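If you want the building blocks of each chain, they are given just below.
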Amino acid sequence: MEEATNSSIQVLRESSADKENVSSFEPPNKKIKTSDSHVDSKIKLEDRLCGILCCAVCLDLPKTCYQCSNGHLMCAGCFNHLLADARIKDETATCPNCRCEINRNICIRNLAVEKAVSELPSECPFCNQKLPRYLLENHQKEQCQERPSICRYSRIGCLWEGPYHEVAQHEDTCAHPRKSGEEVMTALEVIDARRQEEQRVYKDIFSLLSFEKITFNDLQLRPFRTDDFITRLYYETTRFTAFNQQWVIRAKINSDHKNPIHTINRTLSYQLVIKTKLSSPISLHFLALSGPFGGIDMKSKIYNFEFTAENAETEYEDLPIDSSECDKLLAAKTINFRLVMFQVTK
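The protein appears in an unreviewed UniProt entry as Cysteine and histidine-rich protein 1 from Elysia crispata. Among the UniProt annotations of the protein, the heading Sequence similarities (unreviewed entry) holds the following wording: "Belongs to the ZFTRAF1 family."

## A word on the overall build of the protein
For the protein, the helix and strand inventory stands at eight helices and 16 strands. Going through the 346 residues of the protein one by one, you find that 33% of them count as buried. For the protein, long-range pairs separated by at least 24 residues make up 53% of all intrachain contacts whose partners lie at least 6 apart in sequence.

## Points about the packing of helix α3 (residues 76-89) against helix α8 (residues 323-331)
Look at α3 against α8: their axes get within 8 Å of each other, and the N-to-C directions meet at 60 degrees. Relative to α8, the element α3 lies oblique. For α3 against α8, the interelement crossing comes out left-handed. Counted together, N80, H81, L83, A84, R87 and I88 of α3 and D327, K328, L330 and A331 of α8 form the full contact between these two elements. Its residues placed into classes, the contact of α3 with α8 shows five nonpolar, two polar and three charged.

## Structural notes on the nonpolar core
In terms of nonpolar packing, the biggest core is built from 35 residues, with W247, I249, Y270, L272, L339 and M341 touching the most fellow members. C68, L83, C100 and A331 belong to the second largest nonpolar core, which has 16 residues in total.

## A few points about the packing of aromatic side chains
With the rule as written, the count across this model stands at eight aromatic pairs. With centroids separated by 6.3 Å and ring planes inclined at 75 degrees, the aromatic side chains of Y270 and Y303 adopt a geometry described as edge-to-face. With Y270 in strand β12 (residues 268-274) and Y303 in strand β14 (residues 303-307), this pair connects stretches of sequence that are 33 residues apart. By relative accessible area, Y270 is classed as buried at 4%. A relative accessible area of 9% means that Y303 is categorised as buried. Three or more aromatic residues link up through ring pairs in this structure, and these residues are W247, F305 and F307. For the cation-ring pair, R147 lies above Y164, with the distance from its terminal atom to the ring centre recorded as 3.9 Å. Between K252 and the ring centre of Y316, over which it is positioned, the NZ or CZ distance is 4.2 Å.

Parameters and conventions
Residues numbered from 1 in each chain as written. Predicted model: local features only at pLDDT ≥ 70, side-chain atom pairs only at ≥ 80, totals over all residues. Heavy atoms only, no water. UniProt positions renumbered as here; feature names shortened; annotations may be inferred. Helix = DSSP H or I, 4+ residues; strand = E, 2+ residues; numbered from the N terminus. Buried < 20%, exposed > 50% of the residue type's maximum accessible area, 1.4 Å probe, protein only. Contact = heavy atoms within 4.5 Å. Axes fitted to C-alpha atoms, helices over the stretch in contact; angles between N-to-C directions. Parallel < 35°, antiparallel > 145°, perpendicular 65-115°, else oblique. Left-handed = near helix turned anticlockwise from the far one by under 90°. Nonpolar A, V, L, I, M, F, W, Y, C, P; charged D, E, K, R; others polar. Core = buried A, V, L, I, M, F, W, Y, C linked by side-chain atoms within 4.5 Å. Phe/Tyr/Trp six-rings, centres within 6.5 Å; stacked < 30°, edge-to-face > 60°. Lys NZ or Arg CZ within 6 Å of the ring centre and 35° of its normal.

Listed below in structure tokens is the structure:
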């Protein structure tokens, strides 16, 4: 009986010793696996943050970030586009995630998200180097050795394009500095033709400033709806006085599209309408500018028209702005701009 008891005690001691050996010696591959998973979690953290901080519409990281009352994020471009869509459809703009109402009074900037996004790494599209986003723009313009560059002799016809680190080598062997004067003049004539087209508008403006009768008005376009079965959005100013006559500006969206909702390339066109009866024709040059309250990135474009008793309205002329600026205007309650008018005296 005692021998059986002693043998069982011996077995228990051996089994406990084996357990201690197992717990004290861990296979090395298990440690490597644990460290690998820790590294993977660090790598995936950036991707997870990108998924959390991205715009709810375009899924890109926002440089300027707005949030709805429930905290869902939108970049400035998508935010303006949502408000513009709602304006065109005569509906209330809503958040694409929670469907709560959004507008410029309810939604606020999220500076914490903007700062966090600026610190997230992003790859340079030219050299694939990873940098914080706030350094990326300066890197692409000044520091990246792979950024697209042109030859310093491009003004005299050299069409070479390549990475920045190859510019010096190309310029040493470029044949354009050794071209004849006639060949150089041919290249300069092409450049001069482009520049003259760009400067023509400014020359026209300076010549118009010498006119005897000049006036300008800071106007505000307000949104209205047509009385059709399917209403359409249009804008109109209140009456204003210029050259002792009463005038109105009307504007509409994408005059060449039946439904502006179905396109992202939106444009605004406007027409000048005289409201008083004319006894004699009036010839005018006019152009729209951003003005002190507009905040629009608008190019200058001059139009001219002769108003008569039969022709009291101009054609709809394009407002020289791009699609993103158009969305910004449509997202606002009103559109502010300055109209400059020049009367041609005979």
